[in-house]
Amino acid sequence: RKGDLGDRMYIAVKGKLGIYLSKRVREPPVAILPPFTAVGDRALRNEGDRRSASVVCLDEGETVTLCLEK
């Protein structure tokens, strides 16, 4: 969620991810990312970095992501 401390990044392998610029995800996403897109990579490069957007799986039950922690 936006504002949370970033400690890992994600790569969508299957399904789509919606990008929201607020913590509330009731409005349409500002972007939709296809599979094989990475999000949260800034968290691995910058110590103490906060999330700049919220990311939500749009294909619920069908989305698969890989997670890479610090």
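Report follows, based on the coordinates. Please read these numbers as outputs of a predicted model, since none were measured by experiment.

Counting its regular elements, the protein contains one helix and six strands. Going from N to C terminus, the protein has its helices and strands arranged as β-β-β-β-α-β-β. In terms of overall dimensions, the protein is globule-like: its C-alpha atoms have a radius of gyration of 12 Å, near the 11 Å expected for 70 residues. In terms of its C-alpha atoms, the protein occupies a principal-axis envelope of roughly 30 × 25 × 15 Å. Burial status across the protein gives 24% buried among its 70 residues. Sequence-distant contacts, at least 24 apart, represent 72% of the contacts inside the protein between residues at least 6 apart.

For the rest of this paragraph, the subject is the layout of surface pockets. Rolling a probe over the atoms, with the probe sized like a water molecule, indicates the empty space that remains. Considered as a void within the structure, the largest pocket measures approximately 520 Å³ in volume. Lining the largest pocket we find 25 residues, and of these Val39, Gly40, Arg51, Ala53 and Val55 sit closest to its centre. Elements represented by at least two residues in the lining of the largest pocket include exactly β2 (17–20), α1 (42–45) and β5 (54–57). Among the elements that make up the lining of the largest pocket, the one with the highest residue count is β5 (four residues). Of the residues in the lining of the largest pocket, the class split is 11 nonpolar, five polar and nine charged.

Relative to the elements of secondary structure, Thr37 occurs in the loop between β3 (31–33) and β4 (38–39). At 2.7 Å, the side chain of Thr37 forms a polar contact with the backbone oxygen of Pro34. In contact with Thr37, not counting residues within four places along its chain, are Tyr10, Ile11 and Ala12.

Of all hydrophobic cores here, the largest spans six residues; its members are Ala12, Leu17, Ile19, Leu33, Val39 and Ala53. Other than its neighbours up to four places away in sequence, Ala53 contacts Arg1, Lys2, Ile19, Tyr20 and Leu21.

On to the sheet that holds β4. Across the sheet, which stays open at both edges, the three strands sit in the order β4-β1-β6 with antiparallel pairing between neighbours. The open sheet terminates on both sides in strands that have one partner only, identified here as β4 and β6 (64–69).

Each value, and the rule that gives it
Each chain carries its own residue numbering, running from 1 in the direction its sequence is written. Where local features are concerned, this predicted model is filtered to residues with pLDDT of at least 70; where side-chain atom pairs are given and counted, the filter is 80 or more; whole-chain, interface and lining totals use all residues. The side-chain quantities take in all heavy atoms of the structure and omit both hydrogens and water. Numbering of helices and strands runs from the N terminus; a helix is a DSSP stretch of H or I covering at least four residues, while a strand is a stretch of E covering at least two. When we talk radius of gyration, it's over C-alpha atoms, and the globule rule is simply 2.2 Å times the number of residues to the 0.38. Throughout, exposure labels follow a simple rule: accessible area from a 1.4 Å probe, protein chains only, divided by the maximum for the residue type, with under 20% read as buried, over 50% as exposed, and the rest as partly exposed. We call two residues in contact whenever any of their non-hydrogen atoms come within 4.5 Å of each other. Using only the protein atoms, space was sampled on a 1 Å grid; points where a 1.4 Å probe fits but cannot get out form cavities, open sets with protein on both sides within 12 Å along at least five of seven lines form pockets, and lining residues are those with an atom within 4 Å of a point. Grid points are joined across faces, edges and corners, and a volume is the space filled by probe spheres set on the points. Only Asp, Glu, Lys and Arg are considered charged, only Ala, Val, Leu, Ile, Met, Phe, Trp, Tyr, Cys and Pro nonpolar, and every remaining residue, Gly among them, polar. Any pair of N or O atoms that falls within 3.5 Å is considered a polar contact. Within protein, one atom must be able to donate a hydrogen and the other to accept it, and sequence-neighbouring residues count only if both atoms are side-chain atoms. Definition used in this section: a nonpolar core is a set of buried Ala, Val, Leu, Ile, Met, Phe, Trp, Tyr and Cys residues joined via side-chain atoms within 4.5 Å. Being paired, for any two strands, means DSSP has found at least two bridges between them.

These figures capture arrangement, not role.
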